[in-house]
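Chains, contacts and geometry: an overview
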Amino acid sequence: MLVGVGPSASAAPAELAVAALAAARFKDAVEQFKDLLKSERRPDWIEGLALAYAGRAEQLAAKGMMKEALALWRIRAEACQLPVFSGPYVGWLLQNKQLETALGLLPSVDKLPAESREPALLQLAAALLVAPERLLGGWSEEGRGQRAAARAAVAACALGEAASLETALQAISFRSPYRDLRPLLKALALQGSDATAAAASLARVSAQGPFEPLARALRVCLMPGDQWLAGLRRLDEAGRSLVLDLKGCPPTQRALVLDLAAAKEASAATPAALLDLLLRHKRALPEPLARRHCLSLLTHVPQKLDAVRAAFLPPSAAEEAQLMALAAEIKQQPDRAESHWLRLVKLLGSTPAGQRRAALVLRRLADEHASHGSDGTLCSHAHDWLEQSLQFDPTDRDSHLRLLRDARLRGDLKQARNRLDAALQHFPADTQVLMAAVEIAQAAGAFKRAAGLARQMLETDPLNPQVRTLIGQAHLAHARKLIGTQKLPAALSELDAAQEWLRSPAERGSVMLLRGLVTEPAAAGDVVLQQAVSDLGGALVGGFQLLLQSKRTLPPIQYAPQPLLRRAGVDITGTPGTAELLALARALDAVPERDAALTPALAVFTGMLQRAAAHMSCSESEHLLICEALHRHGQASLTERFSAAALQRWPERPVFIYLEAAARFADEPWRMPDREWQRLDQVFDDAHDQGDERTASRISQLLGAAEGDGDGDGDGDGDGGGGGDGRASGLPPGLANIDTDQMQTIMREMLELGGVDKFLQLARQQLGAAAFEELRRDIPGNRKQFAQALVKTLAADAVRDLELPVLPPKIRVRKTAKPAAADPRQLDFLDE
Amino acid sequence: MNDPYRLLGVAATADDETIRAAYLAAVRACPPERDPQRFEQVRAAFEAVANERMRLAHELFNTTPPTLDDVLAQLSAQWRPAAPSEAALYRVLGRQD
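So, a few notes on the structure that sits alongside this text. (Residues numbered from 1 in each chain as written. Chains lettered and ligands numbered in written order. Predicted model: local features only at pLDDT ≥ 70, side-chain atom pairs only at ≥ 80, totals over all residues. Heavy atoms only, no water.)

Time to look at helix α4 (residues 66-80) of chain A. Residue and element names in this part refer to chain A. For α4, built from 15 residues, the straight-helix expectation of 21 Å at 1.5 Å per residue is met to within 8% by its first-to-last C-alpha distance of 21 Å. Every buried residue belonging to α4 is among Met66, Ala69, Leu70, Leu72, Trp73, Arg76, Ala77 and Cys80, and all of these are buried. Here the buried residues of α4 occupy an arc of 165° about the axis, which is enough to place them on one side. Summarising the geometry of α4, the exposed residues directed more than 90 degrees from the buried face are Lys67 and Glu78. Turning to α4, the residues buried within the fold contact α3 (43-62) and α5 (89-95). (Helix = DSSP H or I, 4+ residues; strand = E, 2+ residues; numbered from the N terminus. Expected span 1.5 Å × (residues − 1). Buried < 20%, exposed > 50% of the residue type's maximum accessible area, 1.4 Å probe, protein only. Arc of directions from axis to C-beta. Contact = heavy atoms within 4.5 Å.)

A word on the interface of chain A and chain B. Listed by partner, the interface residues are 63 residues for chain A and 36 residues for chain B. With both sides pooled, the region where chain A packs onto chain B buries about 4400 Å², and carbon together with sulfur makes up 70% of that total. Inspection of the chain A/chain B interface yields 5 salt bridges. Among the ionic pairs, Glu52(B) bridges to Arg356(A), the shortest N-O distance being 3.1 Å. Across the contact surface, chain A and chain B share 12 residue pairs in polar contact (both at pLDDT 80 or more). Partitioning the side of chain A that touches chain B into residue classes produces 37 nonpolar, 13 polar and 13 charged. (Buried area = accessible area lost by both parts, 1.4 Å probe. Salt bridge = Lys/Arg side-chain N within 4 Å of Asp/Glu carboxyl O. Polar contact = N/O pair within 3.5 Å; in protein donor to acceptor, adjacent residues only side chain to side chain. Nonpolar A, V, L, I, M, F, W, Y, C, P; charged D, E, K, R; others polar.)

Residue and element names in this part refer to chain A. A volume near 1500 Å³ is recorded for the second largest pocket. Arg408, Glu439, Gln442, Ala590 and Pro592 are the residues nearest the centre of the second largest pocket, which is lined by 39 residues in total. It is helix α28 (residues 465-484) that contributes the most residues to the lining of the second largest pocket, 7 residues altogether. (1 Å grid on protein atoms, 1.4 Å probe; cavity = no way out; pocket = protein on both sides within 12 Å on 5 of 7 lines; lining within 4 Å. Points joined across faces, edges and corners; volume = space filled by probe spheres on them.)

Residue and element names in this part refer to chain A. In this structure the tally under the stated criterion is 1 cavity of 30 Å³ or more. Among the elements that make up the lining of the largest cavity, the one with the highest residue count is helix α13 (residues 212-221) (3 residues). Residue composition of the lining of the largest cavity, by class: 4 nonpolar, 1 polar and 2 charged.

What follows is about the packing of aromatic side chains. Residue and element names in this part refer to chain B. According to the stated counting rule, one finds 5 aromatic pairs over all chains in the structure shown. Seen from their ring centres, Tyr23 and Phe46 are 4.1 Å apart, and the 10° between their planes marks the pair as stacked. With Tyr23 in helix α2 (residues 16-29) and Phe46 in helix α3 (residues 36-49), the pair connects residues that are 23 residues apart, well separated along the chain. Look at Phe46 and you get buried, because its relative accessible area is 13%. (Phe/Tyr/Trp six-rings, centres within 6.5 Å; stacked < 30°, edge-to-face > 60°.)

The following block contains the structure:
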């Protein structure tokens with residue numbers, strides 16, 4: 001007895017019995033009610049005993065102890081004088097396969113009054129329906145007739161004939177114990193063709209009715225999507241079999257489906273588990289399908305290749321190369337992946353059918369495995385891969401354009417023209433190819449041809465604003481050329497033409513400035529210049545544009561900033577406001593990078609800009625716009641000035657800290673002192689935490705450059721600390737005086753001379769494939785960055801192996817990258 | 001669901017036209033404002049196999065492993081729903097064979 005919870009020990013026995021019943025302590029309740037009934041057969045105590053028996057029997061049934069539950073129910077009927085077939089008794093009998101016992105109740109049911117007989121028959125309905133005739137002796141004619149109608153309906157449903165099913169269902173009367181069969185069989189007939197109507201019909205079947213097992217199977221069958229798989233697992237064998245019959249699943253696939261359902265329920269669908277499952281049931285699936293799935297899964301579990309080989313037609317050499325390449329990519333082994341891809345190219349490229357695939361592989365290699373120069377040019381491998389891809393498949397416009405762009409970035413106009421011809425051969429009317437043609441013509445100074453090509457583009461795409469700008473720019477460039485050669489009337493007419501096409505205020509301002517420069521008399525030209533400066537946004541941006549255009553256009557001897565500014569009425573002694581600074585930032589953004597005219601033009605305004613930096617009152621985003629514009633053009637001192645000003649207002653803002661550091665150290669990252677390096681490393685985390693991934697990535701690159709190229713001590717002299725005593729005897733004379741810095745220099749030269757690939761190849765040979773791949777996984781970045789990172793590790797190891805006194809390098813433990821591990825086999829690398 | 005063909009409801013041998021039509025039908029059935037996640041899946045599936053070059057690339061470079069659902073879907077695509085046998089119905093209702 002629980003103290004303070006139940007009634008006290010002195011409570012009346014009746015209260016104790018009721019309390020036990022309420023607390024679902026049915027066993028106790030049965031004993032207590034039985035004791036009470038010994039003294040007096042009070043109706044409420046009999047009812048209490050019946051409830052206690054029922055509760056206990058249901059507890060036993062729930063535990064699967066059906067025989068015990070049934071026995072208890074019979075005791076209940078006798079002790080409480082209740083009909084035995086009330087409640088769940090008949091259902092339990094059927095569940096316990098005691099059909100004959102259930103049907104043995106029929107004579108007593110028939111004797112019941114009508115209102116009690118109907119529910120009893122309802123309980124027996126399923127048993128009656130499936131029972132053999134021999135068990136139905138002595139049953140009423142009415143009961144036999146109802147049963148016959150129900151069985152006829154089941155037969156019609158199995159035949160799948162809608163009309164005969166309808167007739168048979170109508171023969172089941174509303175008062176028949178089989179009446180639930182009407183909506184149920186209708187739903188069954190509809191489930192294959194109209195799931196919605198079937199579900200609606202199924203909803204009319206009474207809950208926990210006599211045909212619940214059939215209704216349950218049908219509900220599973222109608223579950224949306226793949227939910228029925230989970231439902232299938234909850235059915236008994238007959239129910240599962242019916243569902244799979246209805247779905248049309250052939251017997252050969254049933255074991256596989258049940259295993260899939262089990263794996264789904266257990267959330268055990270790893271590629272390895274699924275591959276095992278498919279191999280186990282390989283005969284249940286069409287072989288091409290099973291093989292295809294297994295090959296796909298092999299990319300995640302390549303160690304099972306032999307099992308797949310044994311089970312199906314073995315993979316071809318090309319298939320094997322492909323899956324090994326993908327497996328290497330999944331394991332983040334880019335170099336291994338590359339070699340498998342190249343093997344695949346070799347295999348595919350030898351047949352016409354495989355060449356398009358080979359071309360795709362090469363393009364992907366160029367996209368993902370190649371490094372780019374700082375100027376955006378392709379590395380030699382990427383270049384070769386793209387070129388080879390076009391041999392296999394010359395109809396890929398993007399590859400033509402990439403090679404074209406690369407040739408232009410390298411300044412190889414002849415190559416660019418050849419590329420253009422090849423591209424035009426396949427895409428004579430393509431806007432992007434024609435656009436590239438215009439740009440090449442402009443770069444070559446063929447302005448008339450550029451304008452002509454652009455007009456050709458307008459014929460197919462008359463509203464293209466980019467083309468209109470290109471035409472205007474071609475005329476403008478031509479005008480500059482003519483001004484440079486003093487052909488002023490022709491230049492003026494080119495400026496007229498340019499003005500016709502150019503729409504933006506900045507572009508029209510440029511046209512006006514050039515017009516001012518060539519207008520005669522000079523006084524009239526001055527008026528035009530002053531108007532242009534005003535239109536462009538004031539002294540700072542107008543003056544800058546004037547000097548920029550003049551620098552680009554006039555022969556060096558005629559370029560004189562101060563007289564030009566005087567003509568245009570530009571006073572550079574003032575302090576520009578925010579609007580002017582923003583206008584300048586926009587103007588700078590429109591100037592291509594590495595435009596030689598920019599720095600001298602901007603230098604004239606340094607004083608104005610420095611004053612402005614000290615008195616900035618713009619928003620953070622505006623400030624950033626200005627800093628970024630200056631940074632983009634490598635205006636380090638101004639970027640530093642504006643970033644420092646920004647940091648005074650928004651201290652610790654990662655992007656400004658980066659810009660300030662980049663301005664100071666981007667050109668010579670090895671000069672970055674440790675304090676700055678550590679600060680940036682911390683700011684990397686801050687940027688990352690703030691979701692500023694771009695800044696985080698830029699900081700990482702800057703740190704990488706400082707780490708990869710630097711000697712770490714900040715003084716950058718690179719010659720400190722060599723010499724000394726204790727050198728190993730018998731070393732080659734060239735190595736006798738070498739220290740870490742010098743070794744790094746040697747390594748870097750090897751990298752420079754031999755190229756990234758050769759360097760990595762040698763490193764792989766010396767380190768061993770496993771160690772090499774491990775390092776490759778640990779060190780982020782592209783192949784070039786990886787090679788640079790290896791330099792430091794390999795150099796330190798090589799010096800140590802030479803038994804030279806190595807001055808400890810300043811160790812920078814970077815949060816942004818795992819430091820490379822040392823490897824003692826470095827000496828062999830030097831021998832190479 | 002990882003198989004773009006299955007997501008779009010087309011065969012792996014479908015041509016550009018068929019795939020485009022299936023994509024448009026899928027978008028109509030499930031516009032982005034109703035179910036953005038589903039729409040995103042449909043869009044990604046279309047972009048993976050919209051033309052022959054993309055289909056080849058998908059075949060060559062796809063590393064997403066097939067799932068249980070993919071296997072089951074391809075399996076069940078061959079099934080034809082059938083009427084149940086009388087015996088099966090009676091077994092479910094409790095007949096002992």
